[in-house]
Amino acid sequence: MKIVVIGGTGLIGSKLVNNLRALDHEAIAASPASGVNTITGEGLAEVLAGTQVVVDVANSPSFEDKAVLEFFQTSGRNLLAAEEKAGVKHHVALSVVGTDRLAESGYFRGKIAQEKLIRESKIPYTIVHSTQFFEFLGGIAQSGTDGNTVRLSPAFVQPIASDDVAAAMVEFTLGAPRNGVVEIAGPERVRLSELVQRYLSKTKDPRTVVPDVHSRYFGAELEDDTLVPGENPRIGKLGFDAWFALPKPAR
Ligand SMILES: NC(=O)c1ccc[n+]([C@@H]2O[C@H](COP(=O)([O-])OP(=O)(O)OC[C@H]3O[C@@H](n4cnc5c(N)ncnc54)[C@H](OP(=O)(O)O)[C@@H]3O)[C@@H](O)[C@H]2O)c1
């Protein structure tokens, strides 16, 4: 199959492209670096010609509220319109577990807008909701940092390794469109504040995590179960310790 991966040079995109190529599919890593830009529309019609499946794993270069919303709205509109013209049969997108419960957050208002465009388009689709990637723990720590203190919610999370996300994305990309949401998560449910403390200790980072139920996660206050999946997520293989034990370039 010819499969175009939008954001194919990113963390998940590059792994997904490699996995699909290993299965002998024609997987194209599309991103501004390769001359395909979903914001300006540059290169979209050309790359989509003859494509059966499009996977969107792009992310906004800026996490500022207005910029994120504009990114996902403009990118989604341009991409889905170009897919309709090219006769694409399946649109697969990566989003986040709990997105619909996180409208207080500017970032998640962008993801909600992205998902709405997909549901309203004529193209059969699969929206994959993933929990937080272990690779994002440093970014989460940074988001709560004030000096040597990291203030974070003690809400539960069930994070997943990017290798497990990429493996799951292969299955959903090659499978039939679900026309709905599927969830993926890691094998262990832990409190966010405790996990980030473990991560900082293991990386010999001097910062200390202070659990605070009112601390906001990218703008949204969390309930205990806001970020955890429902009843039947696909579960990845790697827990935190196994992920951390990977050689450094792999994490
Ligand atoms: N981080 C998490 O814990 C988490 C959890 C669940 C779901 N997700 C979702 O996973 C997705 C992928 O995340 P990631 O961490 O793999 O992203 P990433 O590493 O930041 O990669 C982003 C990709 O988007 C591309 N891109 C940026 N602007 C573009 C444009 N105008 N047109 C086309 N491509 C563009 C980038 O291309 P260049 O390299 O050329 O700039 C890059 O390939 C995101 O949608 C995110 O919401 C993340």
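For clarity, every value in this text was computed on a predicted model and none was experimentally measured.

Q: So what exactly am I meant to see when it comes to the overall build of the chain here?
A: Within the chain, the secondary structure is distributed over eight helices and 14 strands. At 18 Å, the chain has a C-alpha radius of gyration in line with the 18 Å of a compact globule built from 251 residues. On the principal axes, the C-alpha backbone points of the chain span a range of 50 × 35 × 35 Å. Across the chain, contacts joining residues at least 24 apart in sequence account for 80% of those joining residues at least 6 apart.

Q: What exactly am I supposed to notice about helix H1 (residues 11-22) here?
A: Turn by turn, an α-helix covers 3.6 residues, leaving residues three or four places apart pointing in a common direction. A rise of 1.5 Å per residue sets the reference length of H1, with its twelve residues, at 16 Å; its end C-alpha atoms lie 17 Å apart and thus fit the reference within 8%. Among the residues making up H1, those that are buried are Ile-12, Gly-13, Leu-16, Val-17 and Leu-20. Around the axis of H1, the buried residues are gathered within 130° of arc, so they sit on the same side. Where H1 is buried, its residues contact strand S1 (2-6), strand S2 (26-30), strand S3 (53-56), strand S4 (90-96) and helix H6 (162-174).

Q: How should the site of the ligand be read in this particular structure?
A: Near the ligand lie 27 residues; those nearest to it are Gly-7, Gly-10, Leu-11, Ser-31 and Ala-58. At the level of elements, H1 and S4 are the ones that each hand at least two residues to the shell around the ligand. Taken together, the residues that form the shell around the ligand break down as 14 nonpolar, twelve polar and one charged.

Q: I tried to follow the packing of H1 against H6 on my own but got confused; where do I start?
A: The contact between H1 and H6 brings their axes to 9 Å, and the two run at 55°. Between H1 and H6, the angle falls in the class oblique. Along this stretch, H1 crosses H6, giving a crossing that reads as right-handed. Seen from H1, the contacting residues are Leu-11, Ile-12, Lys-15, Leu-16, Asn-19 and Leu-20; seen from H6, they are Ser-162, Asp-163, Val-165, Ala-166, Ala-167, Met-169, Val-170 and Thr-173. Of the residues that constitute the contact of H1 with H6, the class distribution is nine nonpolar, three polar and two charged.

Q: I keep staring at the nonpolar core and nothing clicks. Help me out?
A: The nonpolar side chains of soluble globular proteins are, as a tendency, buried together. Core analysis: the largest hydrophobic core is formed by 67 residues, its most contacted members being Val-4, Val-5, Ile-6, Leu-16, Val-55, Val-128 and Met-169. In contact with Val-5, other than residues within four places in its own chain, are Gly-13, Leu-16, Val-17, Ala-27, Ile-28, Ala-29, Ala-30, Val-55 and Val-57.

Q: Quick question: what am I supposed to make of unusual backbone geometry here?
A: Comment: phi is negative for the bulk of residues other than glycine, and the bulk of peptide bonds are trans. Its identity as a non-glycine residue notwithstanding, Asp-24 has a phi of 70°, on the positive side. On the basis of neighbour counts, which here come to 8 C-beta atoms within 10 Å, the residue Asp-24 falls in the exposed class. One non-glycine residue, Asn-179, lies in the positive phi region at around 45°. Counting through the fold element by element, Asn-179 comes out in the loop between H6 and strand S9 (181-185).

Cut-off values and rules
- Residues numbered from 1 in each chain as written.
- Predicted model: local features only at pLDDT ≥ 70, side-chain atom pairs only at ≥ 80, totals over all residues.
- Helix = DSSP H or I, 4+ residues; strand = E, 2+ residues; numbered from the N terminus.
- Rg over C-alpha atoms; globule rule 2.2 N^0.38 Å.
- Contact = placed C-beta atoms within 7 Å.
- Expected span 1.5 Å × (residues − 1).
- Buried ≥ 20, exposed ≤ 12 C-beta atoms within 10 Å, placed from the backbone.
- Arc of directions from axis to C-beta.
- Near = placed C-beta within 6 Å.
- Nonpolar A, V, L, I, M, F, W, Y, C, P; charged D, E, K, R; others polar.
- Axes fitted to C-alpha atoms, helices over the stretch in contact; angles between N-to-C directions.
- Parallel < 35°, antiparallel > 145°, perpendicular 65-115°, else oblique.
- Left-handed = near helix turned anticlockwise from the far one by under 90°.
- Core = buried A, V, L, I, M, F, W, Y, C linked by C-beta atoms within 7 Å.

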